[in-house]
Structures are given as structure tokens and as C-alpha cells.
Amino acid sequence: MTDAQPGRPTENAMRRALKRARDGVALDTAEAAVLLQVRGEQLRDLSASAARVRDAGLEAAGRPGVITYSKKVFIPLTRLCRDRCHYCTFVTVPGKLRREGHGMYLSPDEVVEVARQGAALGCKEALFTLGDRPEDRWPEAREWLDAHGYDDTLAYVRAMAIRVLEETGLLPHLNPGVMSWTDLQRLKPVAPSLGMMLETTATRLWSEPGGPHHGSPDKEPAVRLRVLEDAGRSNVPFTTGVLIGIGESYEERADALFQLRRVQRQYQSIQEVIVQNFRAKPDTAMRAMPDAELEELAACIAVARHILGPAARIQAPPNLVDAEYALIVGAGIDDWGGVSPLTPDHVNPERPWPHIDQLAERTRESGFELRERLTVYPEFIARGEPWLDPRLLPHVRALADPETGLAREDALPEGLPWQEPDEGFTATGRTDLHRTIDTEGRTGDRRADFDAVYGDWEALREQAAPGMVPQRIDSDVREALAQAADDPTRLSDDQALALLHADGPALDALCSIADDLRRATVGDEVTYIVTRNINFTNVCYTGCRFCAFAQRRTDADAYTLSLDQVADRAAQAWEVGATEVCMQGGIHPDLPGTAYFDIARAVKERVPGMHVHAFSPMEVVNGASRTGLSIRDWLTAAKEAGLDSIPGTAAEILDDEVRWVLTKGKLPAADWIEVVRTAHVGLRSSSTMMYGHVDQPRHWLGHFRTLAAIQQETGGFTEFVTLPFIHTNAPVYLAGIARPGPTTRDNRAVTAMARVLLHPHITNIQTSWVKLGAEGAAEMLRSGANDLGGTLMEETISRMAGSRYGSYRSIEDLRAIATLAGRPARPRTTLYGEVPAERVAAAEASDGHLPELLPLAD
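What counts and what doesn't
Residues numbered from 1 in each chain as written. Predicted model: local features only at pLDDT ≥ 70, side-chain atom pairs only at ≥ 80, totals over all residues. Heavy atoms only, no water. Helix = DSSP H or I, 4+ residues; strand = E, 2+ residues; numbered from the N terminus. Rg over C-alpha atoms; globule rule 2.2 N^0.38 Å. Contact = heavy atoms within 4.5 Å. Areas by Shrake-Rupley, 256 points an atom, 1.4 Å probe, with all protein chains shown as cover. Lys, Arg positive; Asp, Glu negative; His and termini not counted. Charge placed at Lys NZ, Arg CZ, Asp CG, Glu CD. Buried < 20%, exposed > 50% of the residue type's maximum accessible area, 1.4 Å probe, protein only. Polar contact = N/O pair within 3.5 Å; in protein donor to acceptor, adjacent residues only side chain to side chain. Axes fitted to C-alpha atoms, helices over the stretch in contact; angles between N-to-C directions. Parallel < 35°, antiparallel > 145°, perpendicular 65-115°, else oblique. Left-handed = near helix turned anticlockwise from the far one by under 90°. Nonpolar A, V, L, I, M, F, W, Y, C, P; charged D, E, K, R; others polar. 1 Å grid on protein atoms, 1.4 Å probe; cavity = no way out; pocket = protein on both sides within 12 Å on 5 of 7 lines; lining within 4 Å. Points joined across faces, edges and corners; volume = space filled by probe spheres on them. Pairing = 2+ DSSP bridges. Right-handed = clockwise from strand over helix to strand, strands pointing away. Expected span 1.5 Å × (residues − 1). Bend = angle between axes of the 7 residues up to and from the residue. Salt bridge = Lys/Arg side-chain N within 4 Å of Asp/Glu carboxyl O.

As for the overall build of the chain
Tallying secondary structure elements over the chain gives 35 helices and 21 strands in all. In terms of overall size, the chain behaves like a compact globule, its C-alpha atoms giving a radius of gyration of 29 Å where 858 residues would be expected to give roughly 29 Å. For the chain, the spread of C-alpha atoms along the principal axes amounts to about 85 × 60 × 55 Å. Look at the contacts in the chain between residues 6 or more apart in sequence, and 78% of them connect residues 24 or more apart. When the accessible surface of the chain is split by element, carbon and sulfur atoms take 50% of a total near 30500 Å². In the chain, 94 side chains carry a positive charge and 122 a negative one; their mean positions are 2 Å apart.

Here's what the structure looks like:
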């Protein structure tokens, strides 16, 4: 097959591996590589055990004896691509397209016409196939997009998916190649499923000259695996697979299957795995390469079934099997993939689709019934939220059998509006939680879908193990202290790490240095702000494993406020002297795309003078993806609606090693940085760090360095806020993975080093009375902090997590904390300016808190 293959395995190794497969014992990579080489009678042996695994899975899924397919049309949106795969005939060049009379992209009318013809023939899937980011390579592609008003190819994909939904009712399945986390957020609302073949994990086939993927930036295996992981984090039903026979070794082929198993185990997001055999094509660099034989394909299918297990849906394209249907069915597939009665296979145009009646007959000859499915598999339809965007549910339900989740074969698709859910801003659930969290507490210590929404806990334990016990280092703390006292801007990373690990007298000395630096930089006054937190909903399916605030819509503690309730709370806060409302909420799938604009506008209309400090970078990305706007355009629109600044929350630790343990679906560190940098063009923000969970001091150092670099570039941060991890009800702690929050030593070291490492760029360091209490906050004021944050008036996020220090503090309470630290206190605005006299008087009259925290009328 390939010059990378070693000799055949020994008969003893083959017998042992076959027996382990027959006995249902888990295979390792070496055994899988052996089994990939079975042929003849040994292949029949392996296939028999694989078929038993497949049959058990179909029985468990409620469709025994059924092999599925999807009736679809191909929509080759563009055949331009920035990659140069040596076996591909789908991709072409602009000149050839022009000579053939084609545009750089299918026009919108061409897209809709193909979909409309497919709908008339009973197709239910529109498979969008295209090259990766052609505008990055071809000026003609960039010119076409600019002329038609699209920022990039994916914006055009999104727009055409909506048109297909609205004008034909076909369900888009999008294959746009490599996608970032942000791209997935953009496309998930317009397609029930997305896909990208992994193909192989053999990096050498990409990195070495002459390899089939050399010169193709999107074919680096690590990049493609990241897409699969990001799709899992984003709760996207995802199609992927392997391409065999392109030069990979059997060990490399086995590794690709194990990598797919790893991703599926962690995220449960892979809806099907395609096992596709290489077919050489004329006019390609690999035209002389031998095709992958069908027995080789069958062996890979059987090994994939054993590795991926009974719940996996495994597919082989029926037009690539040379009518050897029984061989392929016997090896363990349960799906034939998409079959089109209208359009050719644009990737393998020389291989026509079998007629569906013929495919049904050949499937029946192998003892199975052929049934039509939708582009999204029944299991994901049954899961519902968060796997299907609410805007797609009417389209999916119109075509799905309500009992099986398979396609209603008699249904003809009809266009339906792609629109926001009907619920909008309706007050629901426990809207008095801001008050009763202090008196009645939460209903339970965890949400009802604890075992599903966060991913696989066992896989996470393995991933988190290195961070469970912070390592201590052996460095010269005295030298580091001397440098910090002399010029903190010249601290090396090794010196900074030594100080982050400091304890005992060394820690006392560090805090003294930080306190002196604080005094020299901002003086002795402790600042605070009269503010109200408004958490407008706690319904969220992002799957942050540290968050005890998020609830399913059906959970007892779930709630959503109406716009009037949000505005009423802002008005109440204004009456008692507030200058700011801080508003954040869960990523509620049913809120309209304009939700954030509506919230800001509602507050400004009710209280024009109120500073709206709202919407974390995660919410910014969510709003941009739901409205189809760029981050910059969304922030501009939010500012026009009344947004004044954004909180720098959702940062946690800006290191994805830690982030992907803490959260399943929150934005990656790079995206957080991008949002903040973009916001700083016209908006200020705070900055934060949550610590004391699965992190280590080296992660804190990296986080501080990142924030300092951003501030040097933009100057947009108003302050840095320390956020000690509250463990009590945090899912990641309840699962036995995280530490029980930071120690007092950790809190002092982080606060002091925030002052030292962010100097002179971020001058305000805030401590949290919510998380530390009065005594703890006073200690941080003696360790480099100069700000106490706000009165809050209500606080549910930390309280839901188990904080013991209440939901609000009066002005006198905050002044008392400053007094504990031996310092005076004064009020400030969000941007650390002077508070108008009228606001000061109103706050003094009420002591900065509501006379009664009562639930608002609906």
C-alpha cells in the first residue's frame, strides 16, 4: 500500500490480537495496527466480532437491523482553496473557472436552485462543500467576496445556509474545512451539523516535502484535532473520519482512530466517523498511487468499530466500494452516508452514486433495512439543548419522525423562517434568587444534567492531574525580593516565580514591597463604587466546570428576568446613589440575537445617567455570532445601544492548558484577548484572574504577563480584579478534580504579585470582599490592593458557588474594611474618576444599598 509499511506481523501476534477482539478486550495501538493488516479468513473473523459490536449498538439505539443514509444534494459553494492536497480534483484555480464560464463562488440564486431541485426530489440535506479560506490565497476570491458584501467565505456560507433553510427547508450540513472556535459559534445557529475529515494524524505527510498534504496549512493534524475538540466544546454534532491509503503507516492509521476515540470520549460530539478509501485520480500528483484495496477498507472499518465501540456511527461511502456491499456491511458499518438523486459526488466525480432502490436492495441482501436519516443523527435530536440551536428546531422537527428521530420519508421539505425563538425576554423561574440566595439558599448543590453537560469526568481527571498539587521551586527568593523592591519591571520569569511561591517571612516581605509600591503609585485611599450587579439569566449550557451559577431552563433555580425587571433594578440602584450597573448572564439559547443591545438600551432609557458596565468577552462573542456581526461591529452597535464598558471576566486563566479543564465550551484564551483588544479601541474594560483550582503559579505568571502586554498596547484596562476560586458547589470540585480554593498564602501572593508584575501599566488592584470577607479583603489591602470593588446590592454568582460573605455591602461596611487595613476610603466611578456630588449625597443618604431587597413584580 505504501512505502511506510514495515513487514507483516507474526502469526502469533495476529492470533493474539484477533482473540482479544473476539473476547471484547480493549485494544491498544500496536494491536490495532496488527488487525488493520488482516485479510481473507482473518478479516472474516475480525468482521464477525466487529459486526456483533455494531449490532449491540443498534439494539441499544432502538433501531436493530437498520442501516441509515441521508438523501442529499451537493452544493459546491466554491472550488477554490488555499491548500494544495496532492490527491484532490475538487479544487481548481480562478483561470480555469473563468474559462469554463463559472464564477469564483456559486451565486445565491445558483445555491437556492440546486437546493430547490433537491427538495422537489425529497432530499432533506444540503451538503455545502468548499475549499478552505480561498480568499487567503486567491485575490479573485477576495474581490468576489468584497463585491458581494461578505467579510469572508464563512460569512457567505452562513448567509447561504440561512437562505436554504428559509427558501427550501433543506437542512444544511456544512463542510467548510478548518474552523476556529469563533467560526463554530457563527455557523452552529444555521446548520444542525457540521463536519471536517480528520483524514490522518501522520504529521510527516504534512510536514515533509512530497507528502500528500505538504504545502496545505489546514491539513496539519494538530490543527484538525483542535477543530474536533472545539466542536465538542461548542456542542456541535460533528462528522469526521479517516482517509486511508495516502501514505500513512498502519500505526499512524490506528493512532488516528484512537484520537477520534479520545475526542468522542471527552465531548460526546462526534455523530459519525467516515472510513474512506483513497482512490487515485488523473491529473493529480498522486495519480500513480495504488488505490486502497477494499479488504483494506473493510479491515479499517472493523478495527474502527472495535476501537470506537457500539455507540459509534460508522460510515463508508457506497460509491467507493465497487459493489462490495456485503463485505463493507459485514465489517461493521451502520450508515452509508449521503446519497444524492440529483448531484454528483463533486469530490469523487468519477464514482456515481448508486440508485437508492439499488442501495436498499443490496443492504437487504446483507440482512439489514435501509432507512433515511437527517443530516443530524437521532441521538442528537433526542438530546436537544444545547446540541441544536432553537432557531433550527422548527426545521428539524418538520422532517424528523418524533418517535425515532430518523427522517420522515414521506416529508417534502418546505422553507421555514429562520428566526429568533418566540420566548424573548419573558420573566421565568426563580427571579427572586438575588434575595433568597441569602435566606433560602440554592435548591441543590448541582444542576440536573451534572453527569452530561460538562463532558467526561474521568478524562478530565487525567488531564487535570498535573495541576492538582502546585509544584514548589528552588530559587533565590532574596535576590527576587531585592529586584522587586528596586525595579519590579526588571523581574525575570524565574524571579517572579520564586516570589509567587514565597511563604513565611519572604511572603511578608513581598507584601510589604507591594504595599509600598501601591502607596507610591495610587496613594493610601481605598476606592469603592456604589454599583448593582444584575445577572439577567442563569440559564446556560456552555458547560463551565467551575460555575455553580448556570442552570438548565427546567432546573428549580433557573430564572430569566424581563427587560422591565432589568430596568427596574437599575432604577432602584440609581435611587440609592449607584453610578454603575454591572450586568452579565448565562449564554441562554432562547434569548434573541439583539438581547444584549436590548438590555443596555432598556437601562439607558430608564436611567440615562447610569454607567452600563456589561457583557463579558464570552457574551460579546455569543452576541456577535448570533447576529452575524464581526466583533468590532457588534461592539460598535452595543456602544450605540448604551454600553459604556465591559467586564474583563471569562478570563479565568489565560492558558488553554488550564482553560480546557475549567470549562467545556467557553472561548479560548486567544479569543478572549482578541475581544478585549478590539473593545479597547472605543471601550474600557476591567481585567480578572480566577485562581486556586487546577492551576499553578506558572499559569498566574503567564496570565499577568499577558495582561501587562495588552495594557502596554491598548491602555484599556481600568483595573485588575483578583477572583479566588469558590469551590463549595463548583462542579469541578464536586467531581473531585479541583483543589478547595486558594490558601491564604495564595491570596496574598497573587495580590502582591499583581501589584508588582502589572506595575506601572495597571495601577488599580481590586480585592473581593464577596469571596474573602471583610478580614480577608483587609489583608489584601495590606498586600498591594487599593480597591474594594462595589456595594453590589445583589450577588448570585459567588453565592451560588458557596461564598459565605453575603450579597451586598453598605458604604459603611466598605469603609470599615478600609479602616481594618488602616486606610481612608472614597467613592469612585467605573473609570476611577470623581463621583458627582449629587450621586455622593444620594449614596450617603441610603448608605449605598436598597432598604429592602424584595423580589420585583412581574
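Considering the environment of Lys 19
Along the chain, Lys 19 turns up in helix H1 (residues 11–22). On the basis of relative accessible area, Lys 19 is assigned to the partly exposed category, the value being 46%. Through-space distance from the C-alpha of Lys 19 to that of Leu 46 is 9.0 Å; in sequence the pair is 27 residues apart. One polar contact links Lys 19 to Asp 23, side chain to side chain, over a distance of 2.6 Å.

Things to note about the side chain of Asp 515
Relative to the helices and strands, Asp 515 is located in helix H22 (residues 504–522). In this structure, Asp 515 is in contact with Leu 781, Arg 782, Ser 783, Gly 784 and Arg 823, ignoring residues within four places of it in sequence.

Some details on the packing of helix H24 (residues 595–606) against helix H26 (residues 631–641)
Relative to each other, H24 and H26 sit at 20°, their axes nearing to 8 Å. Classified by the angle their axes make, H24 and H26 are roughly parallel. For the crossing formed where H24 meets H26, the hand is right-handed. Residue-level contacts link Tyr 596, Phe 597, Ala 600, Arg 601 and Lys 604 of H24 to Trp 634, Ala 637, Ala 638 and Ala 641 of H26. Residue classes in the contact of H24 with H26 are distributed as 7 nonpolar, no polar and 2 charged.

Notes on the layout of surface pockets
The probe, sized like a water molecule, is rolled over the atoms to show the empty space still left. By volume, the second largest pocket is sized at about 750 Å³. Glu 379, Ile 381, Ala 382, Arg 383 and Gly 384 are, among the 39 residues lining the second largest pocket, the residues nearest its centre. Residue assignment for the lining of the second largest pocket shows that the elements contributing at least two residues are helix H11 (250–267), helix H15 (378–383), helix H16 (393–399) and helix H18 (450–453). The element best represented in the lining of the second largest pocket is H15, accounting for 5 residues. Taken together, the residues that form the lining of the second largest pocket break down as 16 nonpolar, 8 polar and 15 charged.

Looking at the pairing of strand S6 (residues 270–277)
Summarising burial for S6: 8 of the 8 residues are buried, a large majority. Two strands pair when backbone bridges link them, and strand S5 (residues 238–244) and S6 are joined in this way by 7 bridges, in the parallel orientation. The partner of Leu 243 across the bridge, within S6, is Gln 276. Taking the sense of rotation as the criterion, the β-α-β connection linking S5, H11 and S6 turns out right-handed. In terms of strand pairing, S6 meets strand S7 (residues 314–315) through 2 bridges, oriented parallel. If you follow Ile 274 over to S7, its bridge partner there is Gln 315.

Observations concerning helix H32 (residues 769–781)
Taking 1.5 Å per residue as the helical rise, H32 with its 13 residues ought to reach 18 Å, whereas the 11 Å between its terminal C-alpha atoms falls clearly short. Its axis deflected by about 85° at Glu 775, H32 carries its strongest bend there. Most of H32 is tucked away: 10 of the 13 residues are buried. Regarding H32, the residues found buried are Trp 769, Val 770, Lys 771, Leu 772, Gly 773, Gly 776, Ala 777, Ala 778, Met 780 and Leu 781.

Let's talk about the pattern of salt bridges
A complete count under the given rule lists 62 salt bridges for this structure. Between Arg 391 and Asp 389 there is a salt bridge; the shortest N-O distance is 3.1 Å. Across the pair, Asp 389 and Arg 391 agree in class, each one buried. Ionic pairing is found between Asp 389 and Arg 626, a salt bridge with its closest N-O pair at 4.0 Å. Here Arg 626 lies in helix H25 (residues 617–627) and Asp 389 lies in the loop between H15 and H16, a separation of 237 residues in the sequence.

Notes on the side chain of Arg 809
Of note, Arg 809 is situated in the loop between helix H33 (797–801) and helix H34 (811–820). Asp 813 is the oppositely charged side chain nearest to the buried, salt-bridge-free Arg 809, at an N-O distance of 4.7 Å. Residues in contact with Arg 809, not counting those within four places in the same chain, are Trp 769, Thr 791 and Leu 814.

Looking at empty space enclosed by the protein
As enumerated under the stated definition, the model contains 5 cavities of 30 Å³ or more in all. Every element with two or more residues in the lining of the second largest cavity is listed here: helix H8 (181–187) and H25. With 5 residues, H25 is the largest single contributor of residues to the lining of the second largest cavity. Within the lining of the second largest cavity, the residues separate by chemical class into 10 nonpolar, 8 polar and 5 charged.

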